[in-house]
Amino acid sequence: MSAASPVIERGTAASRIAAIAVALIIALLAIAPQFLSAGAVDRMTALFIYVILAAMWNALAGFGGLVSVGQQVFFGLGAYFSIRLADAGLNPFVALFVSAIVVGAVSWPISLFMLRLRNGEFAIGMWVIAALTHLLVNLDRLVQGETGTSLISLNVYDASTRRVAIYWLALASMTALLAVLFGLLRGSTGAAIRAIRDNEDAAASVGVRVTGTKRLLFVLAAFGIGIAGALWLATSITFQPKTYFSVQWTAYMIFMVLVGGIGTFEGAILGALLFFLIETWFGGAGVWYLIGLGATALAFSLLLPRGLWGTLEERFGLRLLPVGYSVRIPVNATLTTGETASPAQTTTSREKA
Amino acid sequence: MTILPNAAILDAAGIHKRFGALVVLDDIDFAMGADEAVGIVGPNGAGKTTLLSVLSGAYPPSAGTVAFKGGDVTALPATARCRLGLVRTHQVPKPFGGMTTFENVFVAASHGAGLKRDEAYEEALGSLKLCGMLGVANRRAETLGLLDRKRLELARALAARPTLLLLDEIGGGLTDGEAGELVETIRELRRRKIGIVWIEHIVHILLQVAERLICMDAGKIIADGDPQAVMANPQVISAYLGGGPK
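Residues numbered from 1 in each chain as written. Chains lettered and ligands numbered in written order. Predicted model: local features only at pLDDT ≥ 70, side-chain atom pairs only at ≥ 80, totals over all residues.

Chemist: Explanation requested: the interface of chain B and chain A in the structure shown.
Modeler: Buried accessible area, meaning the area lost when the parts come together, often serves as the stated size of an interface. Taken residue by residue, the interface counts 39 residues in chain B and 37 residues in chain A. In terms of residues, the side of chain B that touches chain A owes the most to one element, helix H3 (residues 101–112) of chain B, which gives 8 residues. Considered class by class, the residues forming the side of chain B that touches chain A number 18 nonpolar, 12 polar and 9 charged. (Contact = placed C-beta atoms within 7 Å. Helix = DSSP H or I, 4+ residues; strand = E, 2+ residues; numbered from the N terminus. Nonpolar A, V, L, I, M, F, W, Y, C, P; charged D, E, K, R; others polar.)

Rendered as structure tokens:
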């Protein structure tokens, strides 16, 4: 093509600054435990776990169109397998991550039949899987039904070492999972994932391997949520099945993603941060806190269906962690087009993801 | 597998398709060469789109076999047939609404044609240019009008680098000028040695490209051959005037 041929752009000026900012923030977070109180370190650990949960649910539902209300199954299994592996003699910290791999492995056979279901069937089917798994875990003598058990082997480490170690593990897990997810969604597989979300039949007709791609996303999300469950166990030590297999975890994920902005990479992170702040400030208000959460989610889905970040992105063309593609046509290029495009249109219109 | 008598690129034999009690395709035999341009006409409900869906692998036939490039593809899903070079467009456009026009086409170039990043960019841009869509490359597909959605169907199918392209009424609703552009685009595809099967109601557009015409009615092929001869066939005229074959 000639010198005036179109150029594909993956980033913006803002996104290049954002990349540096992200690196700085992670570096600051890494040294933060030296300056934070014990309570604050624990809270930050919770925040990292929320970010993982939100990012995973967003990848699944916002990018892949796989809306699940049963993701607590992987959260619960992440904790449960950690207990089991630690009981078998594995170092508890190592057990957390081996557990997540086991969760990923378990999600593969689940995907074989669950991914045959579409939309509402899939969503509710996942909830059924979660409820069933909860019951099965209760049968394990080690867990003692709803009495639960503890990750006692973690107690050999003193409280402050443990707290900081878990903080770093959570930070590292969050960073690594976000990086993997970003790489996946930004690559050609990410384009396939979004195509499947928008029209599965059309995606198949242009050569996208629909089932395999969905499976990859499903297993990755299970793995990530498994890590989150294992880390949550590490922070709270005790394991009661009904706490971990509770649908509230998926409700939190949905809340974070809806409020932050479904289908945008930044949105899930923003949503997790907002949820964290709301919980920090109002979490003590008991039932009213939950009612407030529900009302907020409802208000967002009615008034700002694209969430905070989605709305910002649409209004200001702001993209900090873009996974999409933008075509820049040099001004002197001739357009052979039916609809005439103004230069403003080609530079400001943005896609959903 | 079907033994091919000649160099047919596509050979569908004994195709039946039933939906419950409804017989939509009734013993269709259809073969074509690699660089043929075949038009398909017929009244509404004749089974034209269903035939395209069976050929492209959107759903399997109730009976019969489809062979492409000498291999039996009857059991292959649409994804695999697309990767072999058998690509379709949809009568009712199915854009990836949340993605930009460029991204729609890029998906086909990177997955359908299996191209690496830079090659896929080039292929996608080339398809957009050929279909006159560069100007709306950054528009979210759900914001496109019907005309552009139809163009996008074509651009996206092209980016998958088909050897045989199945077109389903991409000319519907076009003005004469737009139809002229479309014919030019299809002629360019013919120059690139891409085989074409084109279902179209607007016969005069079709006849500018098709070297062979098939008329379907009630799930059967009622005429097949030289376009002018097919259009003059009494059975075809009767089918079009609503009398149906006697």
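There is more to say after this.
Chemist: Would you take a moment to explain the sheet that holds strand E4 (residues 63–68) of chain B for this structure?
Modeler: One key point about sheets: their strands pair by backbone hydrogen bonds, in either a parallel or an antiparallel sense. All names here are of chain B. Pairing is antiparallel across the open sheet formed by 4 strands, whose spatial order is E2-E1-E4-E5. Since the sheet does not close on itself, it has two edges, and those belong to strand E2 (22–33) and strand E5 (71–72), each with one partner. Where E4 meets E5, 2 bridges bridge the pair, whose relative direction is antiparallel. Bridging across to E5, phenylalanine 68 finds its partner in glycine 71. (Pairing = 2+ DSSP bridges.)

Chemist: How should I be thinking about the packing of helix H11 (residues 248–260) of chain A against helix H13 (residues 287–303) of chain A in this particular structure?
Modeler: The relative placement of two packed helices is expressed as an angle between their axes plus a distance between the axes. Residues and elements named next belong to chain A. Closest axis-to-axis distance for the H11/H13 pair is 9 Å, and the angle between their directions is 40°. Relative to H13, H11 is oriented oblique. Where H11 crosses over H13, the handedness of that crossing is left-handed. Contact residues: Phe255, Leu258 and Val259 in H11; Leu293, Thr296, Ala297, Phe300 and Ser301 in H13. Among the residues forming the contact of H11 with H13, the class breakdown is 6 nonpolar, 2 polar and no charged. (Axes fitted to C-alpha atoms, helices over the stretch in contact; angles between N-to-C directions. Parallel < 35°, antiparallel > 145°, perpendicular 65-115°, else oblique. Left-handed = near helix turned anticlockwise from the far one by under 90°.)

Chemist: How do you make sense of the domain arrangement of chain B when you look at a structure like this?
Modeler: Residue and element names in this part refer to chain B. Under the domain assignment, chain B is made up of domain 1 (1–85 + 162–246) and domain 2 (95–159). Just the C-alpha atoms count here: the centres of domain 1 and domain 2 sit 24 Å apart. In this complex, domain 1 contributes 10 residues to the contact, which on the side of domain 2 involves 12 residues. Only helix H2 (78–84) and helix H6 (176–191) provide two or more residues apiece to the side of domain 1 that touches domain 2. Residue composition of the side of domain 1 that touches domain 2, grouped by class: 4 nonpolar, 2 polar and 4 charged. (Domains from an automatic or database assignment.)

Chemist: Mind showing me how you'd approach the sheet that holds strand E7 (residues 164–168) of chain B here?
Modeler: Residues and elements named next belong to chain B. An order of E6-E7-E8-E3-E9-E10 is seen for the 6 strands of this open sheet, with the pairing classed as mixed. On the outer flanks of this sheet lie strand E6 (86–88) and strand E10 (220–225), each paired with one strand and no other. For this sheet the average axis-to-axis angle between neighbouring strands, irrespective of direction, equals 15°. With 4 bridges connecting them, strand E3 (residues 37–41) and strand E8 (residues 195–199) associate as parallel partners. Counted as the bridge partner of alanine 37 is isoleucine 196 from E8. In the packing of helix H1 (residues 48–56) onto the sheet, the strands contacted are E3, E6, E7, E8 and strand E9 (212–217), and the crossing angle to E7 comes to about 150°.

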